[in-house]
Amino acid sequence: PDVRVYGTPNMVSDVEMLCRDMLLQKLEPGQDRVGIRVSIDHLGPAIVGDRITVHATVKVVDGRRVSFDTTITRGDKIIGLMLHIRTVVSVADLKLRLATV
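Let me sum up the structure you'll find in this document. (Residues numbered from 1 in each chain as written. Predicted model: local features only at pLDDT ≥ 70, side-chain atom pairs only at ≥ 80, totals over all residues. Heavy atoms only, no water.)

### Description of the overall build of the chain
So, step 1. Within the chain one finds two helices and four strands.
So, step 2. Listed by position from the N terminus, the elements making up the chain come as α-β-β-β-β-α.
So, step 3. C-alpha extents for the chain along the principal axes are approximately 45 × 30 × 20 Å.
So, step 4. Out of the 101 residues in the chain, the part that is buried amounts to 29%.
So, step 5. Here the analysis covers contacts within the chain between residues at least 6 apart in sequence; of these, 61% occur between residues at least 24 apart.
So, step 6. Accessible surface, the chain as shown: approximately 6800 Å² in total, 53% of it carbon and sulfur. (Helix = DSSP H or I, 4+ residues; strand = E, 2+ residues; numbered from the N terminus. Buried < 20%, exposed > 50% of the residue type's maximum accessible area, 1.4 Å probe, protein only. Contact = heavy atoms within 4.5 Å. Areas by Shrake-Rupley, 256 points an atom, 1.4 Å probe, with all protein chains shown as cover.)

Given below as structure tokens:
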């Protein structure tokens, strides 16, 4: 219990949710964006309960794909850098694809 850290999966989840939320306001009804790629450098530790800040900037928009550069910090220390790519999908089409899985 005394070594519970902010792990890489948590970092990825936080970045994905921030980037998705940034894009939702730009979508048409019936659309969403899904993550299709992450490339992460987990550079330093954080203990569960530390205040973490995730900053994301749009790097490239290429048709339906949007690439983000993200920085994850604990205080003034960079603890992670991540490239994240999301793509636009039709929610109805996604539901159909998932029904056949």
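### Quick word on the pairing of strand S4 (residues 77-90)
So, step 1. Counting buried positions over the 14 residues of S4 gives 10, a clear majority of the element.
So, step 2. Inspection of the sheet shows strand S1 (residues 31-42) paired to S4 by 11 bridges, in the antiparallel sense. Note on S4: the bridge partner recorded for His42 is Gly80.
So, step 3. Here strand S3 (residues 65-74) pairs with S4 via 10 bridges, running antiparallel. Along S4, the bridge assignment pairs Ser67 with Ile85. (Pairing = 2+ DSSP bridges.)

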